[in-house]
Amino acid sequence: MITAVLGSMPMFWPGLLCSLVPAALLNQPVGRLLRAHWAVAFLLLLALGGVATLTLLPDARGPVRELSREAVRHCAFAGAGLRPPGEWLTSRHADLNVALFAPVGLAAALAGTRRRAAAVLLGAAALPFAVELAQYAVPAIGRACSAQDVWDDLLGLALGAAVGLLAGPLARAGARSLREGRA
């Protein structure tokens, strides 16, 4: 299902490739800022680039002029809420949102000290709201604002963060034992 959705978004792969450059250039300074490993910072930056690419680039259905004429400035709030677990990965749109935001949650949970990880997670939790606000405020990108997307994005963040919080101590212990083995 995800492949079909990505196939209808031809700008995703070029956008993600363009995200590699800033992620490669900024991973060490961001890692130092977060007191996290450079790989965590790289994952965070790359995941943020993927979110921006899939949610803020114009839809590929037609020229931007046509999209802005057809755009409807409203947000869909009806029926929004946390989906039952059986629907988390069966709805084409929901599974894309969950999969898109899970790496952000994973990297945020692994970001340095507990205080810094909490701050990054708080900022990451604001990201779905900012994306939907941008989609509402800039109708020319041809994206629909939806409260259900916020729920699905937050679910992806939470699942990614849960994996990060569980895997973090194991990864740090493994890195520590590797460093001690070299000494």
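Located above this text is the structure these notes cover.
The following paragraphs examine the structure supplied in this document. (Residues numbered from 1 in each chain as written. Predicted model: local features only at pLDDT ≥ 70, side-chain atom pairs only at ≥ 80, totals over all residues. Heavy atoms only, no water.)

## With respect to the overall build of the protein chain
The helix and strand inventory of the protein chain stands at seven helices and two strands. Along the chain direction, N to C, the helices and strands of the protein chain fall in the order α-α-α-α-β-α-α-β-α. In the protein chain, which comprises 183 residues, the proportion classed as buried is 36%. Taken as a whole, the protein chain presents about 10,600 Å² of accessible surface, with 69% of it coming from carbon and sulfur. (Helix = DSSP H or I, 4+ residues; strand = E, 2+ residues; numbered from the N terminus. Buried < 20%, exposed > 50% of the residue type's maximum accessible area, 1.4 Å probe, protein only. Areas by Shrake-Rupley, 256 points an atom, 1.4 Å probe, with all protein chains shown as cover.)

## Quick word on a positive patch on the surface
Positive charge collects at one region of the surface, where Arg-114, Arg-172, Arg-176 and Arg-179 lie side by side. Looking at which element gives the most residues to the positive patch, the answer is helix H7 (residues 147-182), with three residues. With respect to the element layout, Arg-172 can be found in helix H7. By relative accessible area, Arg-172 is classed as partly exposed at 41%. (Patch = residues over 30% accessible without salt bridge, like charges linked within 9 Å, V, L, I, M, F, W, Y side chains within 5 Å. Salt bridge = Lys/Arg side-chain N within 4 Å of Asp/Glu carboxyl O. Lys, Arg positive; Asp, Glu negative; His and termini not counted. Charge placed at Lys NZ, Arg CZ, Asp CG, Glu CD.)

## Focus: helix H2 (residues 12-34)
Between its first and last C-alpha, H2 extends only 28 Å over 23 residues, short of the 33 Å set by a 1.5 Å rise per residue. Considering bend angle alone, the principal kink of H2 is centred on Leu-26 and spans about 50°; proline Pro-29 follows within four residues of it. For H2, the full list of buried residues reads Phe-12, Gly-15, Leu-16, Ser-19, Ala-23, Asn-27, Val-30, Gly-31 and Leu-34. One or two residues past the end of H2 sits Arg-35, with phi positive at roughly 55°. (Expected span 1.5 Å × (residues − 1). Bend = angle between axes of the 7 residues up to and from the residue.)

## Brief notes about the nonpolar core
Within the largest apolar cluster, 22 residues are counted, with the highest numbers of intra-cluster contacts made by Leu-34, Leu-44, Val-51, Val-104 and Val-120. Residue assignment for this core shows that the elements contributing at least two residues are H2, helix H3 (38-56), helix H5 (92-109) and helix H6 (114-137). The contacts of Val-104, once residues within four sequence positions are left out, are Leu-44, Ala-47, Leu-48, Val-51, Ala-124 and Leu-157. (Core = buried A, V, L, I, M, F, W, Y, C linked by side-chain atoms within 4.5 Å. Contact = heavy atoms within 4.5 Å.)

## What about the side chain of Ser-19?
Its place among the elements puts Ser-19 in helix H2. According to the relative accessible area criterion, Ser-19 is buried, its value standing at 10%. In terms of polar contacts, Ser-19 uses its side chain to reach the backbone carbonyl oxygen of Gly-15, at 3.0 Å. Ignoring any residue separated from it by four or fewer positions in sequence, one finds Ser-19 in contact with Leu-46, Gly-49, Gly-50 and Thr-53. (Polar contact = N/O pair within 3.5 Å; in protein donor to acceptor, adjacent residues only side chain to side chain.)

## Remarks on a nonpolar patch on the surface
A contiguous nonpolar patch, built from Val-21, Leu-25 and Leu-26 and spanning about 300 Å² of accessible area, is present on the exposed surface. By secondary structure assignment, the location of Val-21 is in helix H2.

## Considerations on the packing of H2 against H3
H3 packs onto H2 with a crossing angle of 145° between their chain directions and a minimal axis gap of 6 Å. Here the hand of the crossing between H2 and H3 comes out right-handed. Within the contact of H2 with H3, the residues separate by chemical class into 16 nonpolar, eight polar and no charged. (Axes fitted to C-alpha atoms, helices over the stretch in contact; angles between N-to-C directions. Left-handed = near helix turned anticlockwise from the far one by under 90°. Nonpolar A, V, L, I, M, F, W, Y, C, P; charged D, E, K, R; others polar.)

## Topic: the side chain of Thr-53
Structurally, Thr-53 is set in helix H3. Reaching out from Thr-53, the side chain makes a polar contact with the backbone oxygen of Gly-49 at a distance of 2.8 Å. Once residues within four sequence positions are removed from consideration, Thr-53 is found in contact with Met-11, Phe-12, Gly-15, Leu-16 and Ser-19.

Just distances and angles here, no functional claims.
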